[in-house]
Amino acid sequence: MTSAHTAHTAHTANEPLITDDWHVSGKIYRDPAIFARELSAVYGRTWVFVAHESEIPSGGDYRTAHIGRQPVIVNRGSDDGAVNVMFNRCRHRGAAVCRRESGNANFFRCAYHGWTYGSSGELTGVPFDDGYGDSFDRPAMGLVHVPRVETYRGFVFASLDPGIEPLPEYLGNARRYLDFIADIGTDGPELASGAHKLVFKGNWKLQVENTIDPYHFSFTHKSWLDILKERSGKSSPWLKNVRTNPEWRGIDLGGGHAVHEYGSLDAGGPDNAHAIAIGELIPFNLNIFPSLAFVGAHLRLIVPRAVDETWVYLYPLLPKGADEAERSRILRDHEIFYGPSGFGSTDDVEVAFDRVTDGSQASESSADWALMSRGLDREEVDEATGVRIGRSSDEVPQRAYLRRWLELLEAGHEQD
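Residues numbered from 1 in each chain as written. Predicted model: local features only at pLDDT ≥ 70, side-chain atom pairs only at ≥ 80, totals over all residues. Heavy atoms only, no water.

Caption draft 1: Main features of the overall build of the chain. A tally of regular secondary structure across the chain gives 12 helices and 26 strands. Taken against the 2.2 N^0.38 rule, which gives 22 Å for 416 residues, the C-alpha radius of gyration of the chain at 22 Å falls within 12% of a compact globule. With the C-alpha coordinates of the chain rotated into their principal frame, the extents come out at 75 × 60 × 40 Å. Looking at the 416 residues of the chain, the share that counts as buried comes to 53%. Total accessible area on the chain is roughly 18500 Å²; 48% of this is exposed by carbon and sulfur atoms. In the chain, 42 positive and 59 negative side-chain charges are present, and the distance between their average locations comes to 3 Å. (Helix = DSSP H or I, 4+ residues; strand = E, 2+ residues; numbered from the N terminus. Rg over C-alpha atoms; globule rule 2.2 N^0.38 Å. Buried < 20%, exposed > 50% of the residue type's maximum accessible area, 1.4 Å probe, protein only. Areas by Shrake-Rupley, 256 points an atom, 1.4 Å probe, with all protein chains shown as cover. Lys, Arg positive; Asp, Glu negative; His and termini not counted. Charge placed at Lys NZ, Arg CZ, Asp CG, Glu CD.)

Below you can see the structure in the form of structure tokens.
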């Protein structure tokens, strides 16, 4: 391995957003103009996770989702069983035609004027269609399909960019980790229990950073570690592992994707210290750029709604074919730490999101910077794979997504 890092600098109004030594401007978390740019430059140019095939197993099954802020319907066609991703917008006056999060339907009917669409989006019914005359092109007025849709190991992605590279190529080094998740249990995972949902008044990138950050755990979640110590009579080894365990490491996988490993992937499971902490199924935290993540035993989907509003969906991963006791254990572990009254998500919302958002209002120029350089000088590059590797407490994963974010923002700015 060789030691290496690359400096990145982006600019807005001749001011850098990120300096060469990885000071990050607070503007990227609160500036509406930057948020508007990233909706097109990031969410308009990437593969975005929209569903898992287990959510739409039968013809007519659907769920609603978003690509950035754009609403879509993901369904399995009633006739051909094909997976469709269509914009959730009536071709008449623009109303959303599907308001439920999930269900089964052979058609979608707009509640405004009754326009009706088949499960594959074709326009099948127009009340009072004689008012449009002979020039009305019914076949051309179906629901608009998202330009690109591909599935990898059951995970359905869509892209607004018709020229984007194939999904496996986009996933790159992250495929190995998705393969691990897809092989959970005997028949892979399913998202059969629905999701816990949370909303916080802060920027979506705060959740991305937090997902891949074991450094904060001993401090933000100290109350949980204290409870575990009280129950077991032993102090958690978490802090020691973060500081000294060489198998705990953060990795920049390229393309904005990043992972934090809590042990060898080849061992087939997490080490005891992490499993005890939050009941893990997988021995890593994984970010798939820009908005999909996996933590412990759940899939985390991050949806930007405004520069200062984010929706987060937390789907427990249940092994298909697992007995009731195993499924119940996974759900209870998920609720204890990630549920609405759990110990984990509530800590993160208050400390990592609310307090950071409040603090970022101190925007005098000399104070308006976050430091993202931890471990920069000791990053190593694996010569075989090209990935960047750092210690558990280093900010390698955060720099991974910011590096790609900047590339896309600057490319979008040049196109403008």
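Caption draft 2: Fine view of the pattern of salt bridges. Scanning all chains against the criterion turns up 22 salt bridges. For Arg388, the salt bridge identified is with Asp252, shortest N-O distance 3.6 Å. Of the two residues, Arg388 sits in strand β26 (residues 388-391) while Asp252 sits in strand β17 (residues 248-254), which places them 136 residues apart along the sequence. On the basis of relative accessibility, which here comes to 6%, the residue Asp252 falls in the buried class. Glu335 is the salt-bridge partner of Arg332, the closest N and O atoms lying 2.8 Å from each other. Within this pair, Arg332 and its partner Glu335 are both found in helix α10 (residues 324-338), separated by 3 residues, close to a single helical turn. Judged by its relative accessible area of 34%, Glu335 is partly exposed. (Salt bridge = Lys/Arg side-chain N within 4 Å of Asp/Glu carboxyl O.)

Caption draft 3: How the structure looks around the pairing of β26. Bridge count between β17 and β26: 4 bridges; the pairing is antiparallel. Looking across to β26, one finds that Gly250 is bridged to Gly390. Sheet topology note: the strand β25 (residues 380-381)/β26 ladder contains 2 bridges and is antiparallel. Residue pairing in the sheet places Glu380 in a bridge with Ile389 of β26. The hairpin formed by β25 and β26 contains 6 residues between the paired strands, and Gly386 there has a positive phi angle of roughly 80°. (Pairing = 2+ DSSP bridges.)

Caption draft 4: Main features of the packing of aromatic side chains. Using the criterion set out here, one finds 21 aromatic pairs in the structure. Ring geometry for Tyr313 versus Tyr315: centroids 6.3 Å apart, planes at 20°, classification stacked. Side by side, Tyr313 and Tyr315 carry an identical accessibility label, which is buried. An aromatic cluster is present here, built from Phe217, Trp224, Trp238, Trp248, Tyr262, Phe337, Tyr338 and Phe343 joined pairwise through their rings. For Arg176, the ring lying beneath its charged end belongs to Tyr177, and the centroid distance is 5.9 Å. (Phe/Tyr/Trp six-rings, centres within 6.5 Å; stacked < 30°, edge-to-face > 60°. Lys NZ or Arg CZ within 6 Å of the ring centre and 35° of its normal.)

Caption draft 5: Representation of the layout of surface pockets. If you add up the space inside the largest pocket, you get close to 610 Å³. Lining the largest pocket are 26 residues, and of these Leu206, Glu209, Asp213, Ala352 and Val356 sit closest to its centre. Elements supplying a minimum of two residues to the lining of the largest pocket: β4 (23-25), α5 (204-211), α6 (217-220), α11 (345-359) and β24 (369-371). The element best represented in the lining of the largest pocket is α11, accounting for 4 residues. Of the residues belonging to the lining of the largest pocket, the class tally is 14 nonpolar, 8 polar and 4 charged. In this structure, the second largest pocket encloses a volume near 510 Å³. Around the second largest pocket, the lining comprises 24 residues; the ones closest to its centre are Thr64, Ala65, Glu101, Ser102 and Tyr313. Of all the secondary structure elements, the ones that give two or more residues to the lining of the second largest pocket are β6 (61-67), β9 (102-104), β21 (298-306) and β22 (309-316). Per-element accounting of the lining of the second largest pocket gives the leading share, 6 residues, to β6. Considering only residue class, the lining of the second largest pocket consists of 12 nonpolar, 6 polar and 6 charged. (1 Å grid on protein atoms, 1.4 Å probe; cavity = no way out; pocket = protein on both sides within 12 Å on 5 of 7 lines; lining within 4 Å. Points joined across faces, edges and corners; volume = space filled by probe spheres on them. Nonpolar A, V, L, I, M, F, W, Y, C, P; charged D, E, K, R; others polar.)

Caption draft 6: Looking closely at the nonpolar core. If you look at the biggest cluster of nonpolar residues, it comprises 96 residues, and the most contacted ones within it are Phe294, Leu299 and Trp405. A per-element tally of this core places helix α12 (residues 396-415) first, with 6 residues. Beyond its immediate stretch of four places on either side in the chain, Phe294 contacts Phe155, Leu178, Ile181, Ile282, Phe284, Asn285, Leu286, Leu299 and Leu317. (Core = buried A, V, L, I, M, F, W, Y, C linked by side-chain atoms within 4.5 Å. Contact = heavy atoms within 4.5 Å.)

Caption draft 7: Main features of the sheet that holds strand β5 (residues 48-52). Ordered in space as β5-β14-β13, the 3 strands form an open sheet in which the pairing is antiparallel. Each edge of the open sheet is held by one strand with a lone partner, namely β5 and β13 (148-152). Across the sheet, the mean angle separating the axes of adjacent strands is 30° when strand polarity is ignored. The sheet contact formed by β5 and strand β14 (residues 155-159) spans 4 bridges and is antiparallel. Within β14, the position partnered with His52 by the bridge is Phe155. (Axes fitted to C-alpha atoms, helices over the stretch in contact; angles between N-to-C directions.)

Caption draft 8: Seen up close, the environment of Ser366. For Ser366, the position within the fold is in the loop between α11 and β24. For the pair Ser366 and Glu122, spaced 244 residues apart in sequence, the C-alpha separation works out to 56 Å.

Caption draft 9: Structural context of the packing of α5 against α11. The N-to-C vectors of α5 and α11 enclose an angle of 135°; their axes lie 10 Å apart at closest approach. Here α5 lies oblique to α11, going by the angle between them. Every pair of crossing elements has a handedness; the one defined by α5 and α11 is right-handed. Side by side, α5 and α11 meet where Leu206, Gln207 and Asn210 of the first sit next to Asp348, Ala352, Phe353, Val356 and Thr357 of the second. Partitioned by chemical class, the residues of the contact of α5 with α11 number 4 nonpolar, 3 polar and 1 charged. (Parallel < 35°, antiparallel > 145°, perpendicular 65-115°, else oblique. Left-handed = near helix turned anticlockwise from the far one by under 90°.)

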